[in-house]
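# An overview of the molecular structure
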Amino acid sequence: MNVYQMVSALVLLAVGVALMLLAQRRNWRPSLGVALAVAAVLRVVTLVLTYKVQPYDLVNDFWTSGYATLHHHDPILSNRTNGWGSLPTYTFVLAGAVWTTYHLHFSWLVIARVPALLCDLGVVVVVGKLVSAAGGSRDQAALRRFQYACSPVAILVSSVHGQLEPACLLLAFSAMVVALRGGPGISGRRAVAGGALLGLAISTQSWPVLFGPALLIALPSWRRRLQAVAGGFAVGAVIFATMPLTVGTPLNQMSYLFKHMISNQPTIGTFGWAGVWVTQHQTALPVWSDPLWLHVAKIGTKVALVVVLLAVFWWRRAHPLDVATVTTTTLIVASPAFGNQYLQWPVPSSLARPARLTMPLQIVVGAYAAVFYLPLNLLTGSTWQDADNAMMFVSLGVAAFMVIALPWGRRVWHRPSGPDDGTGGEPALDSPVPDYVADEVLPERVPDGGVLTGGGPDAESLSEGHTNMPN
């Protein structure tokens, strides 16, 4: 990638941000076709401009995993120690990309990114369905899916990095749509289907387990929750148990692979507190082999998981989409191990159910990610190291803003009332206004013909039921 291509890509991201803001301000309601077209143009043009960028995992680990799967070899055992740490769900996709590269002579740097790009287009559709399933109007759904189509973080992760995040988000939030659409009277079959979709997402990469609390909260009773857990567990168990048949995993290696998959994590020291610590405490060995950093990673990961559980407890009565935003944001901020693609995790849920600072946060996080994916790729040696060290301090501010932008005033969700499903669920509470009014910046009609302005000072109070509606 040359300077001209890098600048052009940055301008394209700026266009995306401008479209997000204009859509908000001018009340645009693009159709699904328009949203998908805009999303495709932004992502494909970015891919064309930046396909020569070579993320290490895409070029090495993804190729090795796809090649191994194509030749009926286990992708974990065929890779470096931390090269692949998940079930082979996505490696079948990568195997298809490897086959295409060999037989149709497409560039791996292009074809390996195509699945991520296509999955991200699917997430555009799912964001609109999330809004509708959560009680939002068609107009709101049209706006939010268009804003996701223009999200700079989503564009970068799918088109420049080609990571697994879009595939995981597509599956995880499809599970959320299934649960939310079921409502208080959701059937057992739908609960199992939601759990199975989340289980498939977790089999793709382990981090979508963060959406587990949100999915369970979306379900009205413990019976339905147990059915969802059973559906997710069944999917993971089947994929794991069939690995000797699908990818030729030796039976005597199965226990080792299970331990590897539940303990695998990226290199520490690339964001937040861990990143600053690494820049200030140089060691002779790299972070992936130095005993100090290995120890910090082990303890820090456990602490981060405890922090996530505390956040779930604090927001346990909140809307499932808010819980999804909270759990993913909390792990990003607290984890010692980080990849830039993590920044996409909370984007669909936060845009589907925005808070007051959601739009500014999208710009800040998008700019932070853009620096790593684009300008830093033109630097080398000590210049790159100095810039990277400086960005670690910047990441502290980004992390703090992510925490501030959480929906702190929306910790109580008034579950919509509905028919009793006979499963012993808690009685639903009636909300004085639809829950989706919370923090909405667009005017919404209320029963008396008046107007609620979601961006106003009382929007969060209304969503929590603290303000009485006019008679």
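Now for a quick tour of the structure. Only a predicted model underlies this, so the values are computations on that prediction, with no experimental measurement involved. (Residues numbered from 1 in each chain as written. Predicted model: local features only at pLDDT ≥ 70, side-chain atom pairs only at ≥ 80, totals over all residues. Heavy atoms only, no water.)

Moving on, we come to the pattern of salt bridges. If the charged atoms of two oppositely charged side chains come close together, the side chains can form a pair. Taken as a whole and assessed by the stated rule, the structure comprises four salt bridges. The closest approach of N and O atoms between Asp-120 and Arg-43, which form a salt bridge, is 2.8 Å. On the criterion of sequence distance, the pair formed by Asp-120 in helix α6 (residues 114-133) and Arg-43 in helix α2 (residues 32-50) is long-range, its members being 77 residues apart. Neither Asp-120 nor Arg-43 differs from the other in exposure class; each is buried. Between Asp-322 and Arg-410 there is a salt bridge; the shortest N-O distance is 2.7 Å. One end of the pair, Asp-322, is in helix α17 (residues 320-334); the other, Arg-410, is in the loop between α20 (381-404) and β1 (443-445), and 88 residues separate them in sequence. Of the residues examined, Arg-410 reaches a relative accessible area of 1% and is grouped as buried. (Salt bridge = Lys/Arg side-chain N within 4 Å of Asp/Glu carboxyl O. Helix = DSSP H or I, 4+ residues; strand = E, 2+ residues; numbered from the N terminus. Buried < 20%, exposed > 50% of the residue type's maximum accessible area, 1.4 Å probe, protein only.)

The backbone of His-72 shows a phi angle near 60 degrees, a positive value even though the residue is not glycine. Positionally, His-72 belongs in the loop between α3 (56-70) and α4 (91-104). On the basis of relative accessible area, His-72 is assigned to the partly exposed category, the value being 40%.

Now for the packing of aromatic side chains. By the definition in use, this model includes 18 aromatic pairs. Consider the rings of Phe-62 and Trp-84, whose centres lie 5.8 Å apart with planes at 75 degrees: the pair is edge-to-face. Linking Phe-62 in helix α3 with Trp-84 in the loop between α3 and α4, this pair joins segments that are 22 residues apart in sequence. The residues Phe-62 and Trp-84 share a single accessibility class, namely buried. Their ring planes at 80 degrees and their centres at 5.4 Å tell us that Trp-277 and Trp-293 sit as a pair that is edge-to-face. Residue Trp-277 is found in helix α15 (residues 272-280), and its partner Trp-293 is found in helix α16 (residues 291-314); the two are separated by 16 residues along the sequence. Of the residues examined, Trp-277 reaches a relative accessible area of 36% and is grouped as partly exposed. The side chain of Arg-316 reaches across the aromatic face of Phe-313, ending 4.1 Å from its centre. Lying across the ring of Trp-314, Arg-411 places its NZ or CZ 4.1 Å from the centre. (Phe/Tyr/Trp six-rings, centres within 6.5 Å; stacked < 30°, edge-to-face > 60°. Lys NZ or Arg CZ within 6 Å of the ring centre and 35° of its normal.)

Moving on to helix α10 (residues 188-204). The first and last C-alpha atoms of α10 sit 24 Å apart over 17 residues, in line with the 24 Å expected at 1.5 Å per residue. Those residues of α10 lying buried are Gly-188, Ala-191, Gly-194, Gly-195, Leu-198, Gly-199, Ala-201, Ser-203 and Thr-204. Check the buried side of α10 and you find it contacts α9 (165-182), α11 (212-218) and α12 (222-241). (Expected span 1.5 Å × (residues − 1). Contact = heavy atoms within 4.5 Å.)

Let us look at the state of the cysteines. One pass over the structure, following the stated rule, counts zero disulfides. Cysteine Cys-119 remains unbridged, with the sulfur of Cys-168 as its closest cysteine sulfur at 9.0 Å. (Disulfide = S-S within 2.5 Å.)

A few words on the side chain of Thr-100. Of note, Thr-100 is situated in helix α4. Judged by relative accessible area, Thr-100 falls into the buried class, the value being 14%.

Take the nonpolar core next. Grouped together as the largest cluster of nonpolar side chains are 98 residues, with contacts concentrated most on Phe-173 and Leu-343. In terms of residue count, α9 provides more of this core than any other element does, 10 residues in total. Apart from the residues within four sequence positions on either side, Leu-343 is in contact with Val-153, Ile-332, Phe-338, Val-365, Tyr-368, Ala-369 and Met-402. Counting residues in each nonpolar core, the second largest holds 24 residues, with Ala-97, Ala-116, Val-235 and Met-243 among its members. (Core = buried A, V, L, I, M, F, W, Y, C linked by side-chain atoms within 4.5 Å.)

An α-helical segment advances 3.6 residues per turn. Residues three or four places apart therefore align on the same side. Over its 24 residues, α16 extends 35 Å from the first C-alpha to the last, a length consistent with the 34 Å expected when each residue adds 1.5 Å. Here α16 has its buried residues at Trp-293, Val-296, Ala-297, Gly-300, Ala-304, Val-308, Ala-311 and Val-312. Looking at the buried positions of α16, the neighbouring elements they touch are α11, α15 and α17.

Our next topic: the environment of Leu-87. If you trace the backbone, Leu-87 turns up in the loop between α3 and α4. Through-space distance from the C-alpha of Leu-87 to that of Met-261 is 7.6 Å; in sequence the pair is 174 residues apart. If sequence neighbours within four positions are ignored, Leu-87 has contacts with Ser-203, Gly-236, Ile-239, Phe-240, Met-243 and Met-261.

Before going further, it helps to spend a moment on the packing of α9 against α10. Orientation of α9 relative to α10, taken along the N-to-C sense of each, is 165 degrees, at an axis distance of 8 Å. By the angle between their axes, α9 is roughly antiparallel relative to α10. The interaxial crossing formed by α9 with α10 has left-handed handedness. Residue-level inspection shows Cys-168, Leu-171, Ala-172, Ser-174, Ala-175, Val-178, Arg-181 and Gly-182 of α9 in contact with α10, the latter providing Arg-190, Ala-193, Gly-194, Leu-197, Leu-198, Leu-200, Ala-201 and Thr-204. Classifying every residue of the contact of α9 with α10 gives 10 nonpolar, four polar and two charged. (Axes fitted to C-alpha atoms, helices over the stretch in contact; angles between N-to-C directions. Parallel < 35°, antiparallel > 145°, perpendicular 65-115°, else oblique. Left-handed = near helix turned anticlockwise from the far one by under 90°. Nonpolar A, V, L, I, M, F, W, Y, C, P; charged D, E, K, R; others polar.)

Glancing now at empty space enclosed by the protein. Empty space among the atoms becomes apparent when a probe as large as a water molecule is rolled across them. Applying the stated criterion across every chain yields a total of three cavities of 30 Å³ or more. The space that makes up the largest cavity amounts to roughly 120 Å³. At the level of secondary structure, the elements contributing two or more residues to the lining of the largest cavity comprise α17 and α19 (358-373). Ranked by residue count, the leading element in the lining of the largest cavity is α17, at three residues. Taken together, the residues of the lining of the largest cavity break down into eight nonpolar, four polar and three charged. (1 Å grid on protein atoms, 1.4 Å probe; cavity = no way out; pocket = protein on both sides within 12 Å on 5 of 7 lines; lining within 4 Å. Points joined across faces, edges and corners; volume = space filled by probe spheres on them.)

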